[in-house]
Amino acid sequence: MAKGEGAESGSAAGLLPTSILQAGERPAQVKEPKKQQQLSICNKLCYAVGGAPYQVTGCALGFFLQIYLLDVAQVDPFSASIILFVGRAWDAITDPLVGFCISKSSWTRLGRLMPWIIFSTPLAIIAYFLIWFVPDFPRGQALWYLLFYCLFETLVTCFHVPYSALTMFISTEQSERDSATAYRMTVEVMGTVLGTAIQGQIVGQADTPCLQDPNDSAVVSEGVNRTHSTTSLKETQNAYLLAAGVIASIYVICAVILTVGVREQREPYKTQQAEHMSFFRGLRLVMSHGPYVKLITGFLFTSLAFMLVEGNFALFCTYTLGFRNEFQNLLLAIMLSATFTIPIWQWFLTRFGKKTAVYIGISSAVPFLILVAFMESNLIVTYVVAVAAGISVAAAFLLPWSMLPDVIDDFHLKQPHSRGTEPIFFSFYVFFTKFASGVSLGISTLSLDFAGYQTRGCSQPAHVKFTLKMLVTIAPIVLILLGLLLFRLYPIDEEKRRQNKKALQALRDEASSSGCSDTDSTELASIL
């Protein structure tokens, strides 16, 4: 709707055909959109809550799936690397596919994006729960986890891609979208805290059995020791199922709040002037837009760095640092620190600009990663590093989603008659980061296999410990530095953003004054 709310909430005059309206009534119709540009705190919170399901489930899978497959489900490292790589790669492929389907979706009473969010939710929570279930047929376990991992990633993509694109349809004001994005990032980081706390604390209460000497596994598996090990392993499996059930409940609650509290809006000037285009033509236009390519390339490297840390952190704390019973608390410290830091970064990027925030925020992780790489195992120092690392994690969460709308605005100015490209922008950004994540997780798990990883071992060989240290410290440092170098090529600074904002507002004002009420009448007729 051009006025910014659903047809059912419009004025009585808005429900009448345009020809019935008196000429004197039309100015009120033209002015109304500007009155509805401001989002209430309730609107922003409801929108922000919609980001929690993706982060809660993604955090639980990112931090715990690898160690779950290796030590609880007892999948061999090679098969686990295949599951992680194929699952993430498939997840990456589904993003542009879902983006394509969304771009072809027609407008409904609920909007163009909301139906995807609503209908994918119940299926997604079923698939998520089955990821954490250990089947009774050992030979088909790898296929089981691969199937339900890919299925869940497909369904959560059907939720997250339209939700990400919704950023462009909650308001036409840049400042309102930035503010809503800050709310969203705060809730998403809180979602990672919830995911870490729920999964970590519930699973941490279970006594996961391990083998003191891998070479004596045949002896340990006999008699009383075998009974104790089997019982402890079953308790751990049940703990993972309990955590999955709690997280699935949070997923549903957040989806309901998002659906009830947020309405999609239509761009007034695009509704009149936009033309339909094929997906592939839209993709060519998007991928030839220089600022977008430079932005996603820079964030590709920095996101990959943090994903490497995320995917291997539990194993690193357990085996390299020797904090088997503390890694879930260290994860919680990182995420709590990130949650409290998000508002600070929002103020910082408003005050000093987004590019400056990128350089300072993301590079702040490097000194602490260096410290972890060279220090001896010390729990207090590790907690200090975890809290400091959370500051950089907050910047990595906030900045990509705050900068993507600026790129889309720049694209709209250069391609004013294009329509429906927003899902392509968001889905292909997620595609590149997820595909790179799949490659990194697959390679890192395969590296552990080559290094001699021992499933359910209480300790690991020196080569495994060294490999984990490289994956969590040195490799992310190199990736962060490469990403920051690429950000120097990104052309949209604060001056450019201000120019784009003025130009877009001029387009909206022109569209509103030239026939906004005619557009409203046409839209309402199609919906009713």
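Residues numbered from 1 in each chain as written. Predicted model: local features only at pLDDT ≥ 70, side-chain atom pairs only at ≥ 80, totals over all residues. Heavy atoms only, no water.

**Points about the overall build of the chain**
Thought 1: Helix and strand content of the chain: 19 helices and 0 strands.
Thought 2: Across the 528 residues that make up the chain, the buried fraction comes to 57%.
Thought 3: The long-range fraction of contacts in the chain, counting pairs at least 24 apart against all pairs at least 6 apart in sequence, stands at 85%. (Helix = DSSP H or I, 4+ residues; strand = E, 2+ residues; numbered from the N terminus. Buried < 20%, exposed > 50% of the residue type's maximum accessible area, 1.4 Å probe, protein only. Contact = heavy atoms within 4.5 Å.)

**Here we look at the pattern of salt bridges**
Thought 1: Using the criterion set out here, one finds 5 salt bridges in the structure.
Thought 2: With a closest N to O distance of 2.8 Å, Glu188 and Arg184 form a salt bridge. Taken together, the residues span about one helical turn, with Glu188 and Arg184 both in helix H7 (residues 174-204) at a distance of 4 residues.
Thought 3: Judged by relative accessible area, Arg184 falls into the buried class, the value being 1%.
Thought 4: Ionic pairing is found between Asp410 and Lys414, a salt bridge with its closest N-O pair at 3.3 Å. (Salt bridge = Lys/Arg side-chain N within 4 Å of Asp/Glu carboxyl O.)

**Regarding the packing of aromatic side chains**
Remark: the centre distance and the inter-plane angle together describe each pair of aromatic rings, the angle taken between the planes.
Thought 1: Here the structure, examined in full by the defined rule, presents 19 aromatic pairs.
Thought 2: On the basis of an interplanar angle of 85 degrees and a centroid distance of 5.9 Å, the ring pair of Tyr319 and Tyr453 is categorised as edge-to-face. Of the two residues, Tyr319 sits in helix H12 (residues 290-320) while Tyr453 sits in the loop between helix H17 (422-451) and helix H18 (462-487), which places them 134 residues apart along the sequence. Across the pair, Tyr453 and Tyr319 agree in class, each one buried.
Thought 3: Here a set of aromatic residues connected by ring pairs shows up, and it is made of Tyr68, Tyr128, Trp132, Tyr145, Phe152 and Tyr240.
Thought 4: The positively charged end of Arg351 is found above the aromatic ring belonging to Phe352, 5.1 Å away from the centroid. (Phe/Tyr/Trp six-rings, centres within 6.5 Å; stacked < 30°, edge-to-face > 60°. Lys NZ or Arg CZ within 6 Å of the ring centre and 35° of its normal.)

**Structural notes on helix H6 (residues 141-165)**
Thought 1: The end-to-end C-alpha distance of H6 is 36 Å, a good match for the 36 Å that 25 residues give at a rise of 1.5 Å each.
Thought 2: Of all the bends in H6, the greatest measures close to 25 degrees and is centred on Thr157.
Thought 3: Of all 25 residues that make up H6, 19 are buried, and the element is covered over most of its length. (Expected span 1.5 Å × (residues − 1). Bend = angle between axes of the 7 residues up to and from the residue.)

**Structural notes on the confidence of the model for the chain**
Thought 1: Considering every residue of the chain, the mean pLDDT works out to 78; 81% of them sit at 70 or more.
Thought 2: The secondary-structure element of the chain with the lowest mean pLDDT is helix H8 (residues 217-220), recorded at 42, while helix H5 (residues 114-131) shows the highest, at 93.
Thought 3: Long-range and interchain partners of residues 214-228, a stretch whose pLDDT sits below 50, account for 7 contacts in this model, where long-range means more than four residues apart.
Thought 4: Counting interchain partners and residues more than four positions distant, the pLDDT-below-50 stretch residues 516-528 has 28 contacts. (pLDDT = per-residue confidence, 0-100.)

**Remarks on helix H13 (residues 327-352)**
Thought 1: For H13, which comprises 26 residues, the first-to-last C-alpha distance of 35 Å matches the rise-based estimate of 38 Å (1.5 Å per residue) to within 8%.
Thought 2: Thr341 marks the point of greatest bend in H13, at about 35 degrees, and the proline Pro343 comes within the next four residues.
Thought 3: Count one or two residues on from H13 and you reach Gly353, which has phi positive near 100 degrees.

**A word on the environment of Pro138**
Thought 1: For Pro138, the location among the structural elements is in the loop between H5 and H6.
Thought 2: With relative accessibility at 62%, the residue Pro138 sits in the exposed group.
Thought 3: Remark: the alpha-carbon pair of Pro138 and Val75, spanning 63 residues in sequence, is separated by 8.7 Å.

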